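Results of the structural survey
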Amino acid sequence: MARVLPSSLTPHICIIPSQDLEELLQSSALPSLHHILQSFSPLPQVTTRTTTLTTVPHASFALRFSDLKEIEAACREDEELRATRTIDWIGDRISKRCAKWVDDFEKMDDRDVARTPWWDELRRCAEGDHIPARDEGWNHPMSIILAVSTTAPNPLQAITALHSRTLDFPPWVDVTHLIYTLIIHPKNSPLSDEEAGALFNAVKKQYGLHTYLLSLELPSPPPPPVSIPALVPRLPPLTISNGPADATILLNTLRMCEQDIQQTARFAREFVTMNLVPWMEKCVIEWNETVSINKSFSYTHSVPSPVFLEPKTTVTLVFIDATYTAPQSSVSGSTVPPPSQQRRLAEFATILGDFKLAVAVWESLRKEGKGGSDILPLLIAPSPAVQLHVSHALNTIHPQSAELHSHAQLRALLYAVRWESTLTIGDFLSDTLEGERWLVWAAGNAEEPPAALLLAHAALLGVRKNTKRRAALWYFLAANRLEKCGIKPLTIYFLRRAHELSISRPDKLLSPSFWISENKQPSDFEGFDAVMSGIEHPLGKCLSTIISFLDMVYLLGRLLYTTGDVAGAVRHLLGLLRWSSASSSPLARLSSHTMDITKDPSDSDKVFLEDFQVAISHLKSISGEQARLEDVKLPLRFVVPSQTCVRLARDSVEGEQCEWETREEIWSSFWRHRGKEKLERSGNAAVEEPFRVDITLRNPLDTEVTLANPTVIVESSWYQSFLPALADHNVNKISIAVKASKPASLVITGVAYDFLGLLPTVESLARRGRRLQDTPQQRQTITYAPDEFLKLNVEEASQELAVTFMDDGPLVLVEGECKRMKLWMSNTGSRDIGEVWVVPGPEDEIWIGPLDSEEGMFDCWLIAFEGAYAELGLATSMSWKTWQSDNKIVQPTPYSIPLAEKLVVAGSTEVTVVLHAGRKRKQDLSLLFIYREAQGSPFHCTRVTRSYEVVQCLQISTASHPSPSPDHSFSLRLDLTNILSSSVVEIDQVTTISASWSCFPLAKAWPEPLRPSQSARISFGATSAGDCTSVNAVSAFVSRKLCNVLYGQTIAPDDPPPVELLCGHASQVQISLAFSNSSLISPQTFTYEPFVAHFIMNARRIAVSRSLAQSHPRIPTSSHPSIFPLYNPLSVDLVVFWKIPSEQRSGHMFVSDITLGASHAALREVLEGVESAKVKRSMYAETQREKVEMLQAIRDSEWNAEMNPVVVIVKDGLVIEHDFSQGVCMAPVEFTIRNHSLSHPSRFVLRLDHRQQPSLHHFPAPYCGRTTFRGLLGPLRTTSVVAQLFATRPGTYALSGWRLETEVGEPNMEGGSWQVRHRYEQRATTDESSSVVVSDISRP
């Protein structure tokens, strides 16, 4: 059984009736002959034959009948113009009928199964196209019926005139067709039946066997009408209006008697089975032979142009060949050829059901680029190749990037209709073909109604296929295009369908773990957010547009809305705001119809808000303030409940919460070993004390929004505040002040405001409760505690301490400046305050003491100094030169403010704070004050913050190197540069602090005051104290601790070995080392001695802590005090004291990170042991990587430093006078070899090589006698060797030809055995300038 082809692929039969026949039919109340014959199509049970004479049964064989004159006239019309008219005609038909279709269709129970009337109408209009086209031959006439009646005065003459008529076709129309003669003999004809029979025989003898005599009754009056199938609609000609031309056809009736109906049906079947089909079979056979012959000779002969079948006299079948090539009029300028013979062969074979031959010919045409991809999907079995044929066919007529013309749109529509109507629904929607996508491809980017209906039908098929998200998108796109065409009923329907599909839940069930991981409930489904805004905005606009149209009709455009579903429009326009364009996909940006949002996406929310504002304003204007808006809920949230908090008056606005938590932890750690009293952190407000509710507002939209009349709901009491407009995507924080007049418990439940000043909205401040996991049921099913609200208790004020800075103006300090600031403390509570502590930050450098009198200042400092420095490990009986340090990195501790007496109620006192400015930056001084009434009472706290900026005044750099002088081991250079723009900086004093090195200035002159951009250099000599006990003890401690760290062992909280620090002072008054027993710093220069020592020690702690945190990030900060000491015994710290007299500023700067002396990789054995140990590997790559990073950080640390301890010093600048007339000069040259190691001995070998590289300015130094010197140097030992210079002529001799080989041994080896720890080899550097000058005194 052959597949039923669409009607657009069936034979096209043209009829040319005589004038008498037209008059006969009109008098009998019958339509035109082609309409009558079309009523009898399709024919059932027709059999055809293939080229192999195999019979092919057809359950239905359809024909298309047309008027020849209409076809000839239509062929002369421009194809693009006709395609434009066709699209407009289809849109007009859809627009006129869609309102009733939508009403009827919405009443159906299952709308997703039934065929939609708009699709059927679109399909019928597309298949009704019967005008021949240039790019295919389906509509080219396959047969022409010449019809006459016996009522004519001379029927034979009428037949002769029709046969001699010239066809008025363009040259590109195929005129190979079957000529058929039809004689209609009515009962009231002037000719008798015998005369009619004689006429039939004469015509058959003259024009061939393709003749038929049709006898009809045609009674008068006409019989009752008989229902017939509805004829496909066809595009009216240009000269005929749409209405009257189709009046008869639209009635779907035929006024013929039963006998005439049978006679006409018999004629139609005989015409097909005995004339048309055999003629088509003959053409297929002959054309197939011609194509085969041409292909056989194509390799040696050129293929001629297609030749159409000529009339023949040889009868090869049982009928006379009536193939006709008629003369035709030419169209000037037309160069398009008619369809090729090969294409006509494929079309005929397809109609006859010879699909094997048809597929082969279509494939051949496709490979040659002559079409066929649009027909192959109808003939071959479903496979992935079918999609490729479809894609190729559509890309051929309209590339994806090109603008679609009307003709291309019409061809794509016809292809899509053929595919959808021919393939079974199962194959069409299969995963292999995905036919619904073909319709979307065919629609392309066209914005006409046919393209929109293609998308709508694709969406319907997507619903049947259960791809609802995709269907929702296609419905939305279809509505978007229909709205531009003004077809509102279908636009609203498609938008509603898209909305329904978007909010529908997918059928696939997700794992319960998904909802737990996303912290959502399974019921929290809000739809397909990618297109929701695009759906709801046009839907609300459509409702609003309809209402606005009614208003313009009744109120002449003065009002926007008066009747209709205004509230519905408001709900839709408001509902779309939950999908802000900023968070939705770019598909939502297609929703704007007033602007191109893809170019300016920030305006999408603005358009939505403007439409909503207009709609709700009109709703209120027609309904008054009593407009029912209870069910209109704002889908957005502007309030962020998680960031809403209550702020008491005593809480500082500035400062991060984490900073205050750090200070509270410092206090808890400090007081843990001193008492059990705890810090009360109750957030209770005091009566008559205003507190503020800080509300964080976040605007999720891309446009500015105004929230009017903001109100905080507090236990049914409302407190109002002004709220400014919110900028797009801005986060604003507002504070609403509340004051309670009596003790109470307050619950802050929500915030109320008027959205855009029109829609009252209440947002809850509830926060979801904690996850309950107490019972097995709660652990299996997600259960949360009741929502939590902000709660605040108001109580009577008992203890309150108010602390403020007396000077709160802008504060700009110079780096290192010591600034005195005054604090004012007041007791604002109802009880006395007897104890006050202050907690600064870990890196804040302050000193606090009262300024009651100058005489008592030093005594107060001694009291505080004793307590504070006991924590820092300093002794109060230390001298200026040395003091003992416990070498611990002590965490910052709070300071006790000494009070002369209790702060009574309403009492006040003044406290002086000395602030040492640290690094250059803008920063805050945040102080936490802890206070209580008396011993045993709980503590309370208050906060104070002061912002300040630190600018740099001195640029400091240091450098060190081994010294050639025998007086000191190392030279230390300090470079200072004044970088201020206008101020002069004076350097008062420089203090050096070290555990192993004693430093003293090398120059007696002190630098003059530094003017802007001037520099100064101060040089120091460093000499070892000679005792390496502290060096070895500290190194052993660090090695043991780091070994525990590397092996993952527990770090014991023991203390590092103490060290004795050596101090050296250099100042303008006293260049040499100052010795005094009264204070740390000479009192002649400084008047604020108490806090200088504190600042120096605090600066050392801050520098060490900062360095450790940066170089050892994998070691917890809390364990640093148990691993690392405060001082490296080999380190040297510098303290530079300066002053700016013009600005009355003074201070000091701390310089660290200076290490002198030789180290010997003290951690080498530990690191080698860890690397060689068989440590259990971790399954996590990150853990292993962290261990490698920790190991590398320890290897690069200062505690594992390594240096060649032995250096060579050549005595330079020696001048020798010799009389060369007496012979060569032999002069001694001294080489000094020094061991800078404080703990390890060294062996050395000094080799003098006269074969050194010659210098450009000096002679190489030749030696005689001993040139190799060996020796052993103990720690910090020095030796000298003398070599003999052998000079044969005067000149300057370079002393760079030496090489030193060094072996560093282990100290204190048992039995005196030598064990090598390091080996080094050292040569003179290329820039070595040591030389000796030999002069000849014999010359005058």
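Refer to the preceding data block for the structure.
Residues numbered from 1 in each chain as written. Predicted model: local features only at pLDDT ≥ 70, side-chain atom pairs only at ≥ 80, totals over all residues. Heavy atoms only, no water.

1. Thoughts on the pairing of strand E23 (residues 835-839)
When you tally the buried positions in E23, you get five out of five residues, the bulk of the element. Every second residue of E23 is oriented toward a common face, with Glu835, Trp837 and Val839 on one face and Val836 and Val838 on the other, all of them buried. With five bridges connecting them, E23 and strand E28 (residues 921-932) associate as antiparallel partners. Opposite Val839, over in E28, you have Leu928 as the bridge partner. Here E23 runs beside strand E26 (residues 895-897); their pairing, made up of three bridges, is antiparallel. Bridge assignment links Val836 to a residue of E26, and that residue is Ile897. (Buried < 20%, exposed > 50% of the residue type's maximum accessible area, 1.4 Å probe, protein only. Helix = DSSP H or I, 4+ residues; strand = E, 2+ residues; numbered from the N terminus. Pairing = 2+ DSSP bridges.)

2. A word on the state of the cysteines
Scanning the entire structure with this criterion turns up zero disulfides. Cys75 supplies the cysteine sulfur nearest to Cys14, a cysteine that is in no disulfide, at a spacing of 8.4 Å. For Cys14, a relative accessible area of 0% corresponds to the buried category. (Disulfide = S-S within 2.5 Å.)

3. What about helix H6 (residues 155-163)?
Turning to H6, its buried residues are Pro155, Ala158, Ile159, Leu162 and His163. Looking straight down H6, one finds its buried side chains confined to an arc of 135°; they lie on one side. (Arc of directions from axis to C-beta.)

4. Structural notes on the packing of helix H14 (residues 384-397) against helix H15 (residues 406-422)
Contact geometry for H14 and H15: axes closest at 9 Å, N-to-C directions at 160°. The angle between H14 and H15 places the two elements in the roughly antiparallel class. The way H14 lies across H15 gives a crossing that is right-handed. Contacts from Val390, Ala393, Leu394 and Ile397 of H14 reach H15 at Ala408, Arg411, Ala412, Tyr415 and Trp419. Of the residues belonging to the contact of H14 with H15, the class tally is eight nonpolar, no polar and one charged. (Axes fitted to C-alpha atoms, helices over the stretch in contact; angles between N-to-C directions. Parallel < 35°, antiparallel > 145°, perpendicular 65-115°, else oblique. Left-handed = near helix turned anticlockwise from the far one by under 90°. Contact = heavy atoms within 4.5 Å. Nonpolar A, V, L, I, M, F, W, Y, C, P; charged D, E, K, R; others polar.)

5. A word on helix H18 (residues 449-464)
With 16 residues, H18 extends 23 Å from end C-alpha to end C-alpha; this agrees with the ideal 22 Å at 1.5 Å per step. Within H18, 15 of the 16 residues are buried, which leaves the element mostly enclosed by the surrounding structure. Asn466 occupies a position one or two residues after H18 and carries a positive phi of about 70°. (Expected span 1.5 Å × (residues − 1).)

6. Thoughts on the sheet that holds strand E44 (residues 1268-1273)
Pairing in this open sheet of four strands is antiparallel, and the strands run E44-E41-E47-E48 from one edge to the other. Two strands bound the open sheet, and with one partner strand each, they are E44 and strand E48 (1316-1323). Strand-to-strand twist in this sheet, taken as the mean axis angle between neighbours without regard to direction, amounts to 15°. Of the strand pairs in this sheet, strand E41 (residues 1242-1248) and E44 are connected by six bridges, and their pairing is antiparallel. Opposite Arg1247, over in E44, you have Thr1268 as the bridge partner.

7. Details of the sheet that holds strand E42 (residues 1259-1260)
The strand order across the open sheet formed by four strands is E39-E49-E46-E42, and the pairing between neighbours is mixed. Only two strands of the sheet have a single partner each, and these edge strands are strand E39 (1214-1218) and E42. Two strands pair when backbone bridges link them, and E42 and strand E46 (residues 1291-1294) are joined in this way by two bridges, in the parallel orientation. Counterpart to Phe1259 in the pairing with E46 is Tyr1293.

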